Amino acid sequence: MMATVAPPSSSPPDDVTSIVPRRGSRARPLFDPPIVKRAIGDSFVKLNPRAMMKNPVMFVVEAGALMTTILAARDLAAGAGVAGFTFQITLWLWFTVLFANFAEAMAEGRGKAQADTLRKTKTETNARRLRNGTEEAVPATALRSGDLVLVKAGETIPGDGDVVEGIASVDESAITGESAPVIRESGGDRSAVTGGTKVLSDWIKVQITSNPGETFLDRMIALVEGAERQKTPNEIALNIVIAGLTLVFLLAVVTLQPFALYSVAASGSGAAPSVVVLVSLLVCLIPTTIGGLLSAIGIAGMDRVMQHNVLAMSGKAVEAAGDVNTLLLDKTGTITLGNRQAVEFIPLGGVSEAELADAAQLSSLADETPEGRSIVVLAKQKYNIRGREVAEHEARFIPFTAQTRMSGVDLDGRRVRKGATDSVVEFVHEHGGAVPAELMDVTDRISRSGGTPLVVADRGRALGVIHLKDVVKGGMRERFQQLRAMGIRTVMITGDNPLTAAAIAAEVGTDDFLAQATPKDKMDLIKKEQAGGRLVAMTGDGTNDAPALAQADVGLAMNTGTMAAKEAGNMVDLDSNPTKLIEVVAIGKQLLMTRGALTTFSIANDIAKYFAILPAMFMGVYPVMEKLNIMGLRNKESAVLAAVIFNALIIVALIPLALRGVKYRPMSAANLLRRNLLVYGVGGVIAPFPGIWLIDRLLGLLHLA
Amino acid sequence: MTGNGLLQIGLYVAVLVLLTKPIGAYMAKVFAGERTWMHRVLRPLEAAVYKLCGIDENAEQRWTQYAGGVLAFSAVSIVFSYVLLRVQQWFPLNPQGLANVGPDLSFNTAVSFGTNTNWQSYVPETTMSYFSEMAALVTHNFFSAAVGIAVAIAVIRGFARHSVKTLGNFWVDSTRTIVYVLLPLSVAGALLLCSQGVIQNFNSYTKAATVEGAAQTIPQGPFASQEAIKELGTNGGGSLNANSAHPYENPTPFSNFVEMLMIFLIPAGLTYTFGKMVRDTRQGWALFAAMTILFLIGVFIVYSSEQAGNPILAKLGIESAATATQPGGNMEGKEVRFGIVNSSLFTVITTDASCGAVNNMHDSLTPLGGLVPMVNIELGEVIFGGVGSGLYGMLLFAVLAVFIAGLMVGRTPEYLGKKIERKEVKMMMLAVLVLAFTILGFAAYGSVAQFHKDSWVNPPGPVIANLNNNGPHGLSEILYAYTSAVGNNGSAFAGIDANTPFFNTTIGLAMLSGRFLMLIPLLAAAGSLAQKKLVPVSAGTFPTHGPLFVALLVGVVLIVGALTFFPALSLGPIVEHFLMYQGKLWS
C-alpha cells in the first residue's frame, strides 16, 4: 500500500447512488457566448457544398435551397406575384441548412474552446537533458523518446515519460483540472508523468517516452478538437438508413409530378405543383431533424465524456461503452476504499480484550499503512489506549515483508508480531508456544464474512485476532442494482481468497467475482466473455493490466497509471477514479438513445407534414382535397410555409437535447423503450400538428402569407 | 357490418390460429431434416430427386451459392415456360386448338408464374392449352412457391445460426418444400375442393344454349388440382378469367372458406416455424400478431366500406342497408354466394398474401375498399404475405423497426441476439428502395407516357387510352397494375388493357425486380447475420416478443409504407372517395 497521497478526485463524492451522469467537472454552460459567436460564423463556412456532401440529407436541402434561390431571383426579376412566397421558402430552406450547421458548430466549438485552454499550457519550456552524466539545456521540442531529463521543483516537465529516479509532488492541474498535487516516484505504478505538468517539490529524473507532436497533450488537444473524428459504426449504419429514406422520399416527390399531371388532365382544372412546393415537400419529408443533428450528437457525446474528465480516444469507444454487457471492476479502489480497517479485537484463551488491544496497538505504532493506523485508532477509541512515545525504550520495529508476512516490534524483551495466520502460528511454534484450538474457528469466521484476520502474538503466546474489514464505498450496492436492471453484469476482480471475495461480492451485490486473480486470469475472463458475444469494460492502471486493457472493448486507464496502461486502454480517466467506468457506460447509452430518439421523432413528424402540404398542393386540382386539411390551415402558401418553418425551427429547438443528450434513467430496456416510444414516437406524431397550426396563424397575423 | 359477418371473420381468424402451430411445427421438422409421419411415404421420393439431380443432401451453401441456386433455378424454369408457351399448338392436350402465344405475352406470363406473381394479361380459357396450363404454369406454382419458402428458411437460418458462413442448401430446401409440404397439402386440398364441385377433366369446352337461346361456350379443364396449389402457394393465377369467382373454381361458401384458409396456411405456419428455428416461439407469435393486426385493420376497412356502399346510389333511393333478404352495400362485381363479408375477406387475404386470386372484381370495390388491397401490396406483401416472401419481408421490417427504435434503449440494435449493423441495414434499405423505385417509377411513367402514331409497343396516343376509366380511378388502375407486379401479387384492378408489348414488358420487368432485387439483399443480410456471434439476452436487450414490439412493428410497417405511397394514393383512391361522397361521377 503506497498511496500516501489520496488520488485526487474532482468528481462528485462516491456516495451518490445514481449512475446517471451528472454535470461533469469541466461542464460549461450550454450556450457559452464566445462559443455561440464562433459557431454562428462557422455555420456559414460549412455551407461549402464539398463539406455538405458528407451529410446526404442536408446536402439535398442545400441543393433544394439553391434551386429555389434561382427561382426566387427569376420570379423577382419577372415581378411575378408568387415572388414573396418563393422568397420566404428560400429563406427558410437556407435557415434549415444553417441551423443544422450551427448545431454541429456548437458541438465542435465546445471542444475547440477546451483545446484552446490546453494549448495555453503548451508553452515553450526548456529541459535539462542528461547525457553521459552531464546536464545540457535544450528546448523541450528537441527531446526524443529515450532521452533522460532532470526536472527540479518549480519546473515544467518537458515531455511524457516515466520517473526513473527520485520522488516529487507534481501539479497536474493543466491536464486534469485538479489542483491537489500528486506524488510521482520511480518504480511501481505511479511513475508516469505527463508533459506540461509541473514539479512542485523535490526533483525527479524522467525518461522521455514520446516524440514531440505525439505527446499525451498533443493527442488530447487533437481529440477534444475533433480533428480526428471518425464516424462510429452505429452512426454509419444510421446514416445509411436516413440516406435511404431520403432517396425514397426523393422518389415519392419526383413521381408525384407525373401523377399530378395525369390528375390535372383528368379533372380539367388546377395546375401541377410548382418546383418550389415540391422542393418544400421534399425537405419536409426527408429526415432533416436527425440528419441535421446527427454529427452534433456524436461530438457532444465525446464532449460529455470529456466534461467528466475522461479522455476517450475515439467515438467508437464511447459507443462501445453503451453496448457493454460485462463490467470488470477491481475490488480495491473501485468497490471498496483502497484500504481495510480494523473493526474488532478478538482475544484468545485467557487474554483480555484490553491486553490484546494494547499489544495490537504496540505492534502497529510504526506501521504507516492505513490498516496499521486503523488499528491504532480502534484501540484508542475502544479502550482509550493512547499512542505511546516509544522512542525512550529500546524499540526495534520489524517492517512487513512479503516473505515473513508479519510486522511488529521488539521492545523491552517483548516480541510482538501481527500478520497472516499461518506466519504468526509458525512464529508462535518457533518460540515454543502453542495456539489455542479456537484460533482457526475465529480466523475462518472472519474470512467467510469477507474480512481479513490478523493474528497477534507475543513470543510463544497467541493473544488474539484483529478483524480487518474492507470498507465498501457508499452507494455501490444501489449502483449495481441499477446496472443489473440495465442488463449489465458486474464482476468483481480481487486478489483475495475465494471465501473473502464471495463475502464481499455478496455484500455489495456484484453478479460474480474473480478471486485470487492474476493478470492472466483477468485476460482469460475477458476472452471468455467476448467469445460469448459480450462486450467487456474494465479499468486498470498497472503495466500488467495493459494486455487486458487492450483486449477489453472499453479499457479505462487511470491517469495515475503507467504509460503502458494509458497506451493500451481506449479511455483515460484524468481523475483516476475507477468507479467512473459506470458513468462512462451511462454516457455511451445516452449517446445511442439520443440518436434513436431523434430518428424516431424525425420520421414520426412526417405524418403531419403530409396533411399540411398535400391538400395545399392539390386543392386546385381537386377542391375536395380540402378534406385532408385537418389542421384547417388558412391557405396554400401559408400551409407550405408553416410546414417548412416548423421543420427548420424544430432543429433549433432540439439543439439543447442533441448537445445534452436525452434524459437517462437506469431501467430495463423494455421500460426504456416504452417510455421513449411514447415521448419521441407518439409525441413525434402529435407535436407537429399544433406546431404547424400555430405557425400558420402567426404567418396570418404578420401578413406574411 | 352485420353480426353474421363479424362472426365469419372471427371464425376465419380462430381456425387460422389453430392451424398455425401444427403446420409450422411440421415445417420446422421438415427443414431440420427430422423424420415426420410423412417420411415413410415421401422419403423415397425425396431421395430419388437427390439421386436423379446429383444433389448432395449434406452440402451446405454460403449465401452467394444459395442465391445463385435460386437465380439459376428460376431462370431455367422461366425460359422453359417461355419456350413451351411459344410452341403450345404443337403439343397435345389442346382440344380447342389454341394458337402459340406471342413473344411479349409469353415473356410476361413466364416471368409472372416464375416470380410467384401470376399476373395474367390474357384470358386463360381462350389462350392456354391444358398442356400449357399444367406443364408451363402449374409447375411454376410449385417451383416458385418452393423458392420463396426456401429463401425464407435460409433467412431464418441467418438469425438462428451463429458464427457460421452457410445458410443451408437451396436444392435440398426447395425439394423438401415440394415433397413434404406442397404436394401432400395440394392433394388433400384438391380432393376437398372436388368434394365441393370443383371440376377436374380434360374435356373439350361444352357448348350450351342460354335461357334466352344464345350459344354459350363453357370451358372445362383440370381445375381442382390447379386451384389447390394456386391458393396454397399464394400464386393466384386461375385457369379461368373469372378466377375464384367462377363456380368451377370456387363453387360454394365452404370451398371459399377452404381457399381462404389455404392462402394463409403456409405463411401463417412459417411464423411458427420461424419461432421454432430461432428457439423462441414467442418471437414467431409476435410476427403472427403483428400480421393479424394489420390483416384485421384491412378487413374492417374494406368490409365497412363495402357494406356502406355507394352514397350516390343511396341518394337515388336504392336500398343499401343489409336486411334478411339482401346483403345491401356495394354488390357490384361480387358473387351472390359470397356476399359482402366473404368478398371483403377474400380481397384482403389475397392481397395481404401475395396470392392475387380473386373471388370478386377489385375494380368494382368502393374507393376505400380498393385502397386497402393496394396498400396491402405496397406495404411489401408482409401481412402473412407470399409463401416465404411474406416472412422474409416482415423480417426486413422487424430489423428496420429494431434499428430505428432499438437505439432508444441505449444499445447497438439487436434482433434475436444478432447485432444489426451497417451491412444488414444497407441490404434492408436496398430492398425498401427497390420496392418504392419500381412501383412509383413505372406507375409514374405509365401515367404520362405517350406513344407515337406508328408505335408497335402500344396503341398510339397517351397510355391512358388503355384505361376503361377516367379520373382518379384510372390512376388507381395504373398504380394497381405495377403495385401488383412488384409485390408479386398478380391480382388486378383490371379496367386496363395490359396485353400490349409495352405493358407486358414493363410489368414483366417490375415482377422480376420485385422478386429478385428484394430476395437477394435479404439473403445477403442473412449471410452476414449467420456469421455473427450471438449476444446473450439480458435486461438490457430490446425485447422483441411482447405487445410493445408488435405495436412498434405494425407502426413501422404502416408508416414506412404510408410515407412512401401516400402522395400517389391521395390522387387515386383517397380523392376518389371524397369525390364519391360529393356526388361526382366519372365516365
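Conventions we followed
- Throughout, a residue's number is its position along its own chain's written sequence, starting from 1.
- Chain letters start at A and ligand numbers start at 1, both assigned in the order the entries are written.
- For a predicted model such as this one, the threshold for reporting local features is a pLDDT of at least 70, and the threshold for listing and counting side-chain atom pairs is 80 or more; totals across whole chains, interfaces and linings nevertheless cover every residue.
- Heavy atoms from the whole structure form the basis of all side-chain values; hydrogens and water molecules are not counted.
- Helix numbers and strand numbers start at the N terminus; a helix is a DSSP run of H or I with at least 4 residues, a strand a run of E with at least 2.
- With the radius of gyration taken over C-alpha atoms, the globule rule is written as 2.2 Å times the number of residues to the power 0.38.
- Each residue's exposure class comes from its accessible area (1.4 Å probe, protein chains only) as a fraction of the maximum for that residue type: buried when under 20%, exposed when over 50%, partly exposed otherwise.
- Should any heavy atoms of two residues lie within 4.5 Å, those residues are counted as being in contact.
- For the domain bounds, the source is a domain assignment made automatically or taken from a database.
- Buried area: the accessible surface (1.4 Å probe) lost by two parts on joining, summed over both.
- Contacts described as polar in this section are N or O atom pairs within 3.5 Å, which, within protein, must combine one atom able to donate a hydrogen with one able to accept it, while residues neighboring in sequence count only if both atoms come from side chains.
- Whenever a carboxyl oxygen of Asp or Glu lies within 4 Å of a side-chain nitrogen of Lys or Arg, that contact is scored as a salt bridge.
- Only strands that DSSP links by at least two bridges are regarded as paired with each other.
- A positive count includes Lys and Arg, and a negative count includes Asp and Glu. His and the chain ends are not counted in either.
- Note on method: axes are straight lines fitted to C-alpha atoms, helices fitted across the in-contact stretch only, with angles between N-to-C directions ranging 0 to 180 degrees.
- Put simply, a crossing is left-handed when the front helix is turned counterclockwise from the back one by less than a right angle, and right-handed when it is turned clockwise.
- Three residue categories are used. Nonpolar comprises Ala, Val, Leu, Ile, Met, Phe, Trp, Tyr, Cys and Pro, charged comprises Asp, Glu, Lys and Arg, and polar comprises the others, including Gly.
- Multiplying 1.5 Å by the residue count of a helix minus one yields the expected span of that helix.
- In these notes the angle categories are as follows: under 35 degrees is roughly parallel, over 145 is roughly antiparallel, 65 to 115 is roughly perpendicular, and the rest is oblique.
- Only rings of Phe, Tyr and Trp enter the pairing, Trp through its six-membered ring, and a pair is recorded when the two centres are within 6.5 Å. The plane angle decides the type: under 30 degrees is stacked, over 60 is edge-to-face, the rest tilted.

Caption draft 1: Region of interest: the overall build of chain B. Looking only at helices and strands, chain B features 17 helices and eight strands. Rg of the C-alpha trace for chain B: 23 Å, near the compact-globule value of 25 Å for 587 residues, within the 12% margin. By its C-alpha atoms, chain B is 70 × 55 × 55 Å across when sized along the principal axes. Per-residue burial over chain B gives 64% buried out of 587 residues.

Caption draft 2: Structural context of the overall build of chain A. On a plain count of helices and strands, chain A comes out with 24 helices and 20 strands. Against the globule reference of 27 Å for 705 residues, chain A gives a C-alpha radius of gyration of 34 Å, more extended than a compact globule. Each principal axis of the C-alpha atoms in chain A carries an extent, and together these give about 120 × 60 × 45 Å. Going through the 705 residues of chain A one by one, you find that 57% of them count as buried. Looking at chain A alone, contacts between residues at least 24 apart form 71% of all its contacts between residues at least 6 apart.

Caption draft 3: A look at the domain arrangement of chain B. Residue and element names in this part refer to chain B. Segmenting chain B into domains produces domain 1 (3-279) and domain 2 (287-580). A C-alpha centroid distance of 21 Å is found between domain 1 and domain 2. Across the boundary between the two partners, domain 1 contributes 77 residues, which contact 75 residues of domain 2. Where domain 1 abuts domain 2, roughly 6,000 Å² becomes buried across the two surfaces, and 75% of that area is made up of carbon and sulfur atoms. Our count for the contact surface shared by domain 1 and domain 2 stands at 21 residue pairs in polar contact (both at pLDDT 80 or more). Of all elements in the fold, only helix 1 (3-32), helix 3 (63-86), helix 4 (103-114), helix 5 (130-160), strand 2 (166-168), helix 7 (223-232) and helix 8 (253-277) reach the threshold of two or more residues within the side of domain 1 that touches domain 2.

Caption draft 4: Broad picture of the pattern of salt bridges. Residue and element names in this part refer to chain A. The tally for this structure, following the rule as stated, stands at 49 salt bridges over all chains. With its nearest N and O atoms 3.4 Å apart, the salt bridge here joins Glu-165 to Lys-205. Linking Glu-165 in strand 4 (residues 161-171) with Lys-205 in strand 7 (residues 198-208), this pair joins segments that are 40 residues apart in sequence. With a relative accessible area of 37%, Glu-165 lands in the partly exposed category. Residue classification places Lys-205 among the partly exposed positions, given a relative accessible area of 23%. Note that Glu-172 and Arg-184 form a salt bridge whose closest N and O atoms lie 3.3 Å from each other. Placement of the pair is Glu-172 in the loop between strand 4 and helix 5 (173-176) and Arg-184 in strand 5 (residues 182-185), with a sequence separation of twelve residues. Arg-184 carries the same exposure label as Glu-172, and that label is buried. Linked by salt bridges that have partners in common, Arg-396, Asp-410, Arg-415 and Arg-417 make up one network.

Caption draft 5: Spatial organisation of the pairing of strand 2 (residues 134-139) of chain A. Residues and elements named next belong to chain A. Examined bridge by bridge, strand 1 (residues 126-131) and strand 2 share six bridges and lie antiparallel to one another. Bridging across to strand 2, Arg-129 finds its partner in Glu-136. Once strand 1 ends, the chain turns through two residues before running back antiparallel as strand 2, passing Asn-132 with a positive phi of about 50°.

Caption draft 6: Structural detail: the side chain of B:Asp363. Residue and element names in this part refer to chain B. Of note, Asp-363 is situated in the loop between helix 11 (339-352) and helix 12 (367-378). For the buried Asp-363, which has no salt bridge, the nearest side chain bearing the opposite charge is Lys-334, at an N-O separation of 12 Å. Only 2.6 Å separates the side chain of Asp-363 from the side chain of His-473, close enough to count as a polar contact. When sequence neighbours within four positions are dropped, the list of residues in contact with Asp-363 reads Asn-469, His-473, Glu-477, Phe-493, Ala-494 and Gly-495.

Caption draft 7: How the structure looks around the packing of helix 7 (residues 233-267) of chain A against helix 15 (residues 471-486) of chain B. Close contact between helix 7 of chain A and helix 15 of chain B brings their axes to 9 Å; oriented N to C, the two are set at 150°. You can see that helix 7 of chain A and helix 15 of chain B cross each other, and the crossing is right-handed. Side by side, helix 7 of chain A and helix 15 of chain B meet where A:Phe259, A:Tyr262, A:Ser263 and A:Ala266 of the first sit next to B:Gly471, B:Gly474, B:Leu475 and B:Leu479 of the second. Considered class by class, the residues forming the contact of helix 7 of chain A with helix 15 of chain B number five nonpolar, three polar and no charged.

Caption draft 8: Representation of helix 9 (residues 281-308) of chain B within the structure. In this model helix 9 of chain B runs 40 Å from its N-terminal to its C-terminal C-alpha over 28 residues, within 8% of the 40 Å that 1.5 Å per residue would give. In the stretch just after helix 9 of chain B, B:Gly309 is the one whose phi turns positive, near 75°.

Caption draft 9: Quick peek at the interface of chain B and chain A. Taken together, the contact pairs 62 residues of chain B with 65 residues of chain A. Across the interface of chain B and chain A, roughly 5,300 Å² is buried in total on both sides, 78% from carbon and sulfur atoms. For the chain B face of the interface with chain A, the top three residues by lost area are B:Met408, B:Leu563 and B:Leu571, together amounting to 15%. If you look at where chain B meets chain A, you find zero salt bridges. Elements represented by at least two residues in the side of chain B that touches chain A include exactly helix 13 (389-406), helix 14 (422-448), helix 15 and helix 17 (547-582) of chain B. With 16 residues, the single largest contributor to the side of chain B that touches chain A is helix 17 of chain B. Considering only residue class, the side of chain B that touches chain A consists of 42 nonpolar, 14 polar and six charged.

Caption draft 10: Molecular detail of the environment of B:Phe31. All names here are of chain B. Note on placement: Phe-31 falls in helix 1. A residue is classified by how much of its surface remains accessible, and Phe-31, at 4% relative accessible area, is buried. As for Phe-31 and Pro-567, which are separated by 536 residues in sequence, their C-alpha atoms are 42 Å apart. Sequence-distant contacts of Phe-31, that is, excluding residues within four places in its chain, are made with Ile-149, Ile-153, Arg-157, Asp-173, Arg-176 and Thr-177.

Caption draft 11: Highlighting the pairing of strand 3 (residues 206-209) of chain B. Residue and element names in this part refer to chain B. By the bridge criterion, four bridges tie strand 3 to strand 4 (residues 215-218) in an arrangement that is antiparallel. Note that in strand 4 the partner of Lys-207 across the bridge is Thr-217. Taking the residues that link successive antiparallel strands as the turn, the strand 3-strand 4 hairpin has five residues, and the phi of Gly-213 there is positive, at about 95°.

Caption draft 12: Local environment of helix 14 (residues 421-430) of chain A. Residues and elements named next belong to chain A. Burial in helix 14 covers these residues: Thr-421, Ser-423, Val-424, Val-425, Phe-427 and Val-428. Those residues of helix 14 that are buried are in contact with strand 12 (406-411), strand 13 (414-419), helix 15 (438-448), strand 14 (452-458) and strand 15 (461-472). Trailing helix 14 by a residue or two, Gly-432 shows a phi angle of about 80°, which is positive.

Caption draft 13: Summary view of the side chain of B:Lys532. All names here are of chain B. Checked against the element boundaries, Lys-532 lands in the loop between helix 16 (501-530) and helix 17. For Lys-532, a relative accessible area of 14% translates into the label buried. Within the local environment of Lys-532, its side chain forms a polar contact with the side chain of Glu-424, the two groups lying 2.9 Å apart. Beyond its immediate chain neighbours, meaning those up to four positions away, Lys-532 contacts His-162, Ser-163, Lys-418, Lys-419, Glu-421 and Glu-424.

Caption draft 14: Spotlight on unusual backbone geometry. With a phi angle near 60°, A:Asp202 is a residue other than glycine that sits in the positive phi range. Considering the arrangement of structural elements, one finds A:Asp202 in strand 7. Relative accessible area serves as the criterion here: at 47%, A:Asp202 is assigned to the partly exposed category. Phi angles above zero are rare outside glycine, and B:Glu381 is one such case at about 55°. By secondary structure assignment, the location of B:Glu381 is in the loop between helix 12 and helix 13. Here B:Glu381 falls in the buried class, since its relative accessible area comes to 2%.

Caption draft 15: Highlighting the sheet that holds strand 19 (residues 554-558) of chain A. Residue and element names in this part refer to chain A. Here we have seven strands laid out as an open sheet, ordered 8-20-19-18-9-16-17, and mixed in their pairing. Two strands bound the open sheet, and with one partner strand each, they are strand 8 (310-312) and strand 17 (512-514). The sheet shows a mean angle of 20° between the axes of neighbouring strands, taken without regard to direction. In this sheet, strand 20 (residues 571-573) lies alongside strand 8 in antiparallel orientation, the contact comprising three bridges. Bridge assignment links Ala-312 to a residue of strand 20, and that residue is Met-571.

Caption draft 16: Layout of the packing of helix 10 (residues 315-323) of chain A against helix 21 (residues 580-618) of chain A. Residue and element names in this part refer to chain A. Where helix 10 contacts helix 21, the axes come no closer than 7 Å and their chain directions differ by 95°. In terms of orientation, helix 10 lies roughly perpendicular with respect to helix 21. Contacts between helix 10 and helix 21 involve Val-318, Glu-319, Ala-321, Gly-322 and Asp-323 from the first element and Val-584, Val-585, Gly-588, Lys-589, Leu-591, Leu-592 and Arg-595 from the second. For the contact of helix 10 with helix 21, the residue count by class is six nonpolar, two polar and four charged.

Caption draft 17: Structural detail: the packing of aromatic side chains. Evaluation of the coordinates by the stated rule reveals 32 aromatic pairs over all chains. Geometrically, the ring pair formed by A:Trp92 and A:Phe95 is edge-to-face, given 5.2 Å between the ring centres and 65° between the ring planes. Here A:Trp92 pairs with A:Phe95, and both are found in helix 4 (residues 83-120), just three residues apart, close to one helical turn. Exposure remark for A:Phe95: the relative accessible area of 30% places this residue in the partly exposed category. On the basis of an interplanar angle of 55° and a centroid distance of 6.0 Å, the ring pair of B:Tyr445 and B:Phe502 is categorised as tilted.

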